[in-house]
Structures are given as C-alpha cells and as structure tokens.
Amino acid sequence: MLKKIDVMNHGEKVLQGNEACAEAAIHAGCRFFAGYPITPSTEIIEYLSEALLLQEEGSFLQAEDEISAMCAVIGARWGGKKSMTATSGPGFTLKQEALGYAVETETPVVVVNVQRGGPATGQPTFSSQQDIYQAKYGSHGDYEMICLAPASVQEMYDFTVKAFNLAERFRTPVILLADEIVGHMREKIQIPEQIAVEEHTPVKHCDKPFGRNEKNIPYAVHFFEGHNLLVEGQLHDEKGRRIGHLADKSGVFVGNLIDKIRKNQGDLVDIDHEFLEDAEVAVIAYGTVARSAKRAVRIAREKGIKAGLIKINIVWPFPEEQLKELAATIRTVIVPEMNMGKYCLEIQRCLKQSNVISVPKLGGIIHQPTELLHIIENETGERGR
Amino acid sequence: MNPLIERYIKKDSLPYIFCAGCGNGIILNAAIHAIDELGVKEDTACVSGIGCSSWIPPYLNMDVMHTIHGRAIAFAEGLKLSRPEKNIIVFTGDGDCLAIGGNHLLHAANRNINITVILVNNFIYGMTGGQKSPTTPPGSKTKTSPFGAFDDPIDGCGIAMSAGATYCARWTVAHPNQLKKAIKEGIMHNGFSLIEVLSQCPVQAGKSVFQERDPWGMMEAIKSQTIPYKSWIPDKPAGKIPIGTFKEDNSRQEYTDKIRKLKEQLRGMQKETV
Amino acid sequence: MKMMEISIDKTYCKGCGICIKACPKCVFAMSEERQSFGSLIPYPAQKEKCIGCKLCEMLCPDGCITVE
C-alpha cells in the first residue's frame, strides 16, 4: 500500500545524479546497501556509506566483490529491510546470477546500473546505453524485468523512489538503468515535501507464504515473522517446496513470474511525449539521449517541421500497446541510442506501419541535438520533394 | 520418525533427498539437537548454497534460504547485517565454501561477523556425480582426475583461522555428540565460527576416494585418519587430519557490534551538534 | 535396568545399516522386510541389550530411530 511520507530535507538542491539516487533511496526507505566501488557508480556507495550509518535502522556493507554485494542485498531484504546495490557494466555482468535468484525468489530489491561503454572493461569513464538488453535478458532462464531509464538528475531521484515502490509492489528486482552522463551530471532538482512510498504490511498466519493474490503477485513476507519460510532457488510451489522435477507445475510457476509483469503491464507504463498531435516524424528515445532528442524536436518545431517526441521512462516491460497507439499516425520514427541500435529492434517490431530509423552512436558520447535535427530535416525534406 | 526430529522438519518434504547412509542426515540431526537444546529456533535462520550439503536446511521447519552456488555466506552476511540480533547458520560444502565461494569465507572470517558456518566436507562433488573437489585427497581417481588427483587439498579450518575466524572446530559424523556441542558453541559464540564436519558420501567418494562403499565402513575409515587435538598445530602428522576445537577467541570485536557502536557514537555526535 | 523401547520408522528408513554397525551393544539386525524403495529394514533384534545411549538416534541419517 502506498503511504505518504514527509521528506525532512526537501526543497531545491544542486545534486549529482548518483547523489540524487542515493538520497532518494534513503527517502524511499532503503536501509541496507551493499556494493563494490566501480566507475561511474562509485558516488552512490560513497554517499550511502555515510548516510545509512546515520540512519537508526540503517546498515551498510562494502562487499568483497560484486557478486557478494548482490547476494547480501537479497539476504538483507529477506531480513526485512529495503535494500539496494549499485554498479556498472562489469559489475552488472557479475551480478546476473544472483539477480536471477532475486527474480525467481521474488525478492524486491533495487539494482542501479550506471552504464559505461563496453564490452569488457570498455570505457569506464564514458557513457553508453549498451546494457539495455542485458538489463532485460542478462540472467539465464525466462523472466520479465522492470527497468527504468532516467534522463536527468531529477529523474534519478524520482525514478529511484519509483523503483523501490515497483519492486515492493510486484515483488521483483527493479533495475534503474542510468548512464555515466546522468550519474555524473550536476543539476538543480526539487526534492518534494512528501513522497509516496510502498510500505510493507506484515502478513500474519500465512500457511502458503508464496501463494499469489488476484494480480498474480505473492505476499509481502520476510524472515522472523513466524512463517518458517523456505526461500528456494529451485522452482517452487506456494510453500517453497521444490517442483523443479515436475514439468507441469514448473511451467505454471515460470508462467506466473512472467504474467505478474505482463498482465499488469498497464500499471507499468511511463511515457512522456510532446507535439505528437500533428507530428509526421517522431523521435523515440530513453535515458539521457532523450534530452538531445527533446532539444532537436523543439528546434525542428521552431523551424515549422512537424516533429514530435516520445520519451520512454519504463523501458522494460516494453510498452507495446501504448506505443502503437501514440505512434499510430506517425510516418517516420527516429530512434537514437548510445549503442549499436538495440532498443530500435523492439520499436521496429512494434511499429510495423512506420519507417523506423535507427541512429546508433558508439564511442561513449551522446548524440548532439543538431545531429538529430539533420536527420529530422532529411526525413521530412525528402517527403516534401 | 524420531519425535524431536519430526518437530523440526517439514514432514511433507520427506523422505530426504540424500542417498542411503549419507552423512548429511546425521549433521542435520546434530544441528536440530543443538538448536533445540539452546531453544533458539524462533531466532535462527539458516542459509545454504548449492550441493548435497546445501539440501540439509531446506527440510528444517524454520526460516531458510537455499541460494546459489558458493554465495551462502554472502547472503548470510546481508541477512545478519539487516537483523544483527538473530542467529544465522550457514550449511555449505567443500566445493561450495572452499572452491566457488572461497572469497566470501575469507572476508566473512576477516570481518568476524557473527554467523555459524557448518562446512560439510565429503571430499568430492557428490551432486554432479563424483568430480574432484578442493579437499579430494591426492591420488584419488575421480571423474575429473582419471589419473589420480594431483592438486593439494585445501584445509578449510586453517584458511578460516588464518583469515580471522574466532571459533573453529572440526569433527567427523562419527562424533555426533561432539559435533552437536561444537554447533552449540558456534551458535553461542559472538563472532565468525566455522565447524568443519568430515562426512561420508557412500556413493561418489565411496567409489573414488575411499574404495569403501559401506556407510559405516566409510565413517570408520574417516575416523581412523583423524587425530584429536586440543588446539591448532599447523604441522600435523603425515596422512592425519586433526580434529577437535581448535580455536575459541573472544578478544576480537564482532562486526555488527562494531557497526552498532559506531552508530551510537555518531548519534551522540549528532545530538551534540544539534 | 529399564527395558528401552526402540522403534524404527519403516516409511523413511533407507536401510543404510549404520545403526546395525554403530550400536555398541549390537542391538540391531537386518530383517527380511523391505520398505517401498526396495531396501531391507533393520529391526531391534536384541532390545534387552540396549543401554539407552541413543547413539543410533544421533547417527540415523533419516531420523527414523526412537529410543525411549
């Protein structure tokens, strides 16, 4: 249940994206953080190493490795504390097995991935959006992931709170897919006086602790509440007993993991858009690239070009129906990304009637608004001739 | 079913997944007796990783996490840090704790965090079908050492103690009462405790390590290789495995106590500044 | 000395034989009876010899023995 909570140190502030994320975590009720320093996410662990120990219920662990950090966070969540970890490319890869465990055991934790260029050590101090598929498909097996992409320091704050709320509500790990630019950028933000936070209401006398409610979501239970929980990494029934050797029950269980996201997908849509009413060309973007896209679209409008913008905030699950509706009349869709053009494949699959153009960018730098403007002009100009 | 055991296990999960004569059931018995005699069932959670030994706690009618390979100690540390007042027991195996999860053992021992690790050493990878483990004796012909194992075995107790574990004991399953006592001491000890249990795997280790497939025969064979020690001596007689309580040190501060004290200090300072 | 009551749970006994060899007084022997997995089940053949040390209880890997 969402509960309004007063924020002590609200008001206008100049914060770095990573700091805003850490601050938001504390406000959202995060009381445990485990992490391992990695560029460009390190400011989050630095900030929380201080802030959490100043909290009455707070605890902090600088883990021996990325894997341990992810595991400790899951352990702490079952201990009853909202928990988070933060990392970047190589660390995100190392966390994948435990992340899959969190999905399978339906553990609500938040994982921040401040993306850097890859593969391998890649570009530690440069930005990218190359982990967009890893965020969804990184761990083995079938599952659905909830994943948010902030584009500003304000959104680093807002989306972190949202990530905690969605994690608690859907009993699943949620990924905040930031990037180096938004992580290291300093901006003025407004910390609200009140935020809505999903609160844990303990379930009493529950003989099927992993049973599901009408929305296909399991109960909010944790250890030491007298449930005698068995948190099991093998596929399990509502009592936690393994069913991995039973094909029919196993199929139902994995189906439930997927359905609890897919069937509630309507609650998981977060799209900003502007100038779509009469737009002939639209830029669809997420994360920091959406900022360049916004600028390009606004300049285009000033020049009289019928351009529009769609900014996707919850990138996974993919907002298929909503995107189809929004872009129904748009002839040309431009998808700029700081990767080889990955998310564009989803958009191409979804918007079959539109001409979907991928604008990939590698090398760790963001698209300039003028670059995108040229593409918008080219696309509309060609049709004009 | 023994009434005490029955009280502590989920009867609808029976029979145990373990092979006939496996030492895991005996370790489960010892743990149940220890928890029962201390009366700490409601305040204790168990964590395990992957492997035969990690199937010990899922039968317990308690809060249990059956996690991923090698990371049981990492999960347990998070759980302990979130609930410092509770007892956390980790069940792990020689592969789980000393191979894939070795790093977590080192760091948890160094932190002296109050968790009790029961390391079940059966000298083999049993669940995957009898491959060499970090503790397999040299010369053993396993599925992955067909010409005889040539890696020197790892000493779990030695590693844990040198990393800073403050309670350390080793027994075999043929010493059930001593094992029970060690588990009790481990739970009561305020710091990182490691209890290594030498156990029999009559199916896999019986075939490739001991050439003796009778469970009791293996238990006697393991027992005959051991030599009782009152404290840790690094130089041990050739071919012998020391058993006993090697270390019980209450002088080092426990990790969650450190955090608690630091937080108290910080709160005091905050009040002063206000 | 009081005669001990020894019972073996035939549902979960796997017939590993540890109790037979571990008992210091050789109380147990293998019966002709098989449980559902097909292995033979031990039985307390010489109950009168039992001294109540309960080693069998501790050493039964399947928690099947009760000595009262």
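What you see is a predicted model, and the numbers here were worked out from it, not measured in a lab.

Definitions and cut-offs
Residues numbered from 1 in each chain as written. Chains lettered and ligands numbered in written order. Predicted model: local features only at pLDDT ≥ 70, side-chain atom pairs only at ≥ 80, totals over all residues. Helix = DSSP H or I, 4+ residues; strand = E, 2+ residues; numbered from the N terminus. Rg over C-alpha atoms; globule rule 2.2 N^0.38 Å. Buried ≥ 20, exposed ≤ 12 C-beta atoms within 10 Å, placed from the backbone. Contact = placed C-beta atoms within 7 Å. Nonpolar A, V, L, I, M, F, W, Y, C, P; charged D, E, K, R; others polar. Pairing = 2+ DSSP bridges. Axes fitted to C-alpha atoms, helices over the stretch in contact; angles between N-to-C directions. Parallel < 35°, antiparallel > 145°, perpendicular 65-115°, else oblique. Left-handed = near helix turned anticlockwise from the far one by under 90°. Expected span 1.5 Å × (residues − 1). Arc of directions from axis to C-beta. pLDDT = per-residue confidence, 0-100. Core = buried A, V, L, I, M, F, W, Y, C linked by C-beta atoms within 7 Å. Domains from an automatic or database assignment. Right-handed = clockwise from strand over helix to strand, strands pointing away.

**As for the overall build of chain C**
At step 1: Scanning chain C for helices and strands turns up 2 helices and 4 strands.
At step 2: Along chain C, helices (α) and strands (β) appear in the sequence β-α-β-β-α-β when read from the amino end.
At step 3: What you see for chain C is a C-alpha radius of gyration of 11 Å, in line with the 11 Å of a compact globule of 68 residues.
At step 4: The principal-axis extent of the C-alpha atoms belonging to chain C is close to 35 × 20 × 20 Å.
At step 5: Counting across all 68 residues of chain C, residues that qualify as buried make up 43%.

**Focus on the overall build of chain B**
At step 1: Helix and strand counts for chain B stand at 10 helices and 8 strands.
At step 2: Scaling as 2.2 N^0.38, a compact globule of 274 residues should have a C-alpha radius of gyration of about 19 Å, and chain B matches this with 19 Å.
At step 3: Across the 274 residues that make up chain B, the buried fraction comes to 57%.

**With respect to the interface of chain A and chain B**
At step 1: Listed as interface residues are 32 residues of chain A and, on the opposing side, 29 residues of chain B.
At step 2: Among the secondary structure elements, those contributing two or more residues to the side of chain A that touches chain B are β3 (30-35), β4 (59-62), α3 (66-78), α5 (96-104) and β11 (230-232) of chain A.
At step 3: Ranked by residues supplied to the side of chain A that touches chain B, first place goes to α3(A) with 9 residues.
At step 4: Grouping the amino acids of the side of chain A that touches chain B by side-chain chemistry returns 19 nonpolar, 7 polar and 6 charged.

**What about the sheet that holds strand β14 (residues 307-312) of chain A?**
Residues and elements named next belong to chain A.
At step 1: Pairing is mixed across the open sheet formed by 5 strands, whose spatial order is β12-β14-β13-β16-β17. Each edge of the open sheet is held by one strand with a lone partner, namely β12 (271-274) and β17 (355-360). In this sheet, adjacent strand axes meet at a mean angle of 20 degrees when their direction is disregarded.
At step 2: With 5 bridges connecting them, strand β13 (residues 281-285) and β14 associate as parallel partners. When the bridges of β14 are listed, Val281 appears paired with Ala307.

**Some points on the packing of helix α1 (residues 17-27) of chain A against helix α2 (residues 42-51) of chain A**
All names here are of chain A.
At step 1: Packing of α1 against α2 leaves a shortest axis separation of 8 Å and a crossing angle of 40 degrees. It follows from the interaxial angle that α1 and α2 lie oblique. Viewed along their axes, α1 and α2 form a crossing whose handedness is right-handed. On α2, the residues touching Asn18, Glu19, Cys21, Ala22, Ala25 and Ile26 of α1 are Glu43, Ile44, Tyr47, Leu48 and Ala51.
At step 2: The residue makeup of the contact of α1 with α2, split by class, is 8 nonpolar, 1 polar and 2 charged.

**Observations concerning the sheet that holds strand β7 (residues 226-228) of chain B**
At step 1: Pairing within the open sheet is mixed, and its 9 strands lie in the order β11(A)-β2(B)-β1(B)-β3(B)-β4(B)-β6(B)-β5(B)-β8(B)-β7(B). A strand with exactly one partner marks an edge of an open sheet, and here the two such strands are β11 of chain A together with β7 of chain B. Geometrically, the sheet is characterised by an average inter-axis angle of 20 degrees between neighbouring strands, direction not taken into account.
At step 2: Pairing analysis gives 6 bridges linking strand β5 (residues 167-172) of chain B to strand β6 (residues 193-198) of chain B, with the strands arranged parallel. Each bridged residue has a counterpart across the sheet, and for Ala169(B) the counterpart in β6(B) is Ile195(B).

**Side note on helix α10 (residues 289-302) of chain A**
Residue and element names in this part refer to chain A.
At step 1: Taking 1.5 Å of rise per residue, 14 residues should cover 20 Å, and α10 covers 20 Å from first to last C-alpha, within 8% of that figure.
At step 2: All of the buried residues in α10 are Val289, Ala290, Ser292, Ala293, Ala296, Val297 and Ala300. Down the axis, α10 shows its buried residues gathered within 155 degrees of arc, on one side only.
At step 3: Just beyond α10, the residue with positive phi is Gly304, at close to 90 degrees.

**Here's the deal with the interface of chain C and chain B**
Size of an interface, as often reported, equals the accessible area lost when the parts are brought together.
At step 1: Counting residues at the interface gives 19 residues for chain C and 21 residues for chain B.
At step 2: The residue inventory of the side of chain C that touches chain B, partitioned by class, reads 9 nonpolar, 5 polar and 5 charged.

**Points about unusual backbone geometry**
Residue and element names in this part refer to chain A.
At step 1: Put simply, Thr39 and Pro40 share a cis peptide bond, and its omega is 0 degrees.
At step 2: Omega for the bond connecting Gly118 with Pro119 falls within 30 degrees of zero, at 0 degrees, which places this linkage in the cis form.
At step 3: If you check the backbone angles, Phe275 has positive phi at about 60 degrees while not being a glycine.
At step 4: A tally of 16 C-beta atoms within 10 Å means that Phe275 is categorised as partly exposed.

**Quick word on the confidence of the model for chain C**
As a general rule, the predicted coordinates of low-pLDDT regions are not to be interpreted in detail.
At step 1: Confidence along chain C averages 92 in pLDDT terms, with 99% of residues attaining 70 or more.
At step 2: Interface confidence for the predicted complex, expressed as ipTM, amounts to 0.96; the pTM equals 0.96.

**Things to note about the environment of Val333(A)**
Residue and element names in this part refer to chain A.
At step 1: Here Val333 is to be found in strand β16 (residues 332-337).
At step 2: Taking the C-alpha atoms as reference points, Val333 and Asn355, 22 residues apart in sequence, are found 6.0 Å from one another.
At step 3: The contact partners of Val333, leaving out residues within four places of it in the chain, are Ala282, Ile284, Ala327, Ile347, Leu351, Ser354, Asn355, Val356 and Ile357.

**Some thoughts on the nonpolar core**
For soluble globular proteins, the rule of thumb is that nonpolar side chains tend to be buried together.
At step 1: Core analysis: the biggest nonpolar cluster contains 219 residues, and Ala282(A), Val90(B) and Ile118(B) have the highest contact counts within it.
At step 2: Among the elements that take part in this core, helix α7 (residues 153-170) of chain A stands out by supplying 10 residues, more than any other.
At step 3: If you count residues domain by domain, this core takes at least three from each of domain 1 (2-198) and domain 2 (270-384) of chain A.
At step 4: Filtering out sequence-adjacent residues up to four positions away, Val90(B) remains in contact with Val47(B), Ser48(B), Ala72(B), Ile73(B), Ala76(B), Ile115(B), Thr116(B), Val117(B) and Ile118(B).

**Topic: the arrangement of the chains**
At step 1: For the 2 pairs of chains in contact, the largest share of contacts goes to chains A and B.
At step 2: Between chain A and chain C there is no contact, and the shortest C-alpha to C-alpha distance separating them is 18 Å.

**Considering the environment of Thr201(A)**
Residues and elements named next belong to chain A.
At step 1: For Thr201, the position within the fold is in the loop between β10 (194-198) and β11.
At step 2: It is 25 Å that separates the C-alpha atoms of Thr201 and Gly100, two residues lying 101 residues apart in sequence.
At step 3: Apart from the residues within four sequence positions on either side, Thr201 is in contact with Met1 and Ala220.

**Some details on the environment of Glu220(B)**
All names here are of chain B.
At step 1: Looking at where Glu220 falls in the secondary structure, it is placed in helix α9 (residues 215-225).
At step 2: For Glu220, a count of 17 C-beta atoms within 10 Å gives the class partly exposed.
At step 3: Along the sequence, Glu220 and Val173 sit 47 residues apart, while their C-alpha atoms lie 9.7 Å from each other.

**Some words on the packing of helix α3 (residues 72-82) of chain B against helix α5 (residues 102-111) of chain B**
Residues and elements named next belong to chain B.
At step 1: Two elements in contact, α3 and α5, have axes whose closest approach is 8 Å; the angle formed by their N-to-C orientations is 35 degrees. Mapping the contact onto sequence places Ile73, Ala74 and Glu77 in α3 and His104, Leu105 and Ala108 in α5.
At step 2: Each residue belonging to the contact of α3 with α5 can be placed in one class, and the counts come to 4 nonpolar, 1 polar and 1 charged.

**Focus on α3(B)**
At step 1: Among the 11 residues of α3(B), 11 are classified as buried, and the element is accordingly described as predominantly covered.
At step 2: Among all positions of α3(B), only Ala72(B), Ile73(B), Ala74(B), Phe75(B), Ala76(B), Glu77(B), Gly78(B), Leu79(B), Lys80(B), Leu81(B) and Ser82(B) are buried.

**Brief notes about the pairing of β3(A)**
The side chains of a regular strand alternate between the sheet's two faces.
All names here are of chain A.
At step 1: A large share of β3 lies buried, amounting to 6 of its 6 residues.
At step 2: Where β3 lies against strand β5 (residues 82-87), 3 bridges are found, and the strand directions are parallel. Looking across to β5, one finds that Phe32 is bridged to Ser83.
At step 3: When β3 meets β4, the two strands line up parallel, connected through 4 bridges. Note on β4: the bridge partner recorded for Gly35 is Gln62.
At step 4: Regarding the hand of the β-α-β motif, the stretch spanning β3, α2 and β4 is right-handed.

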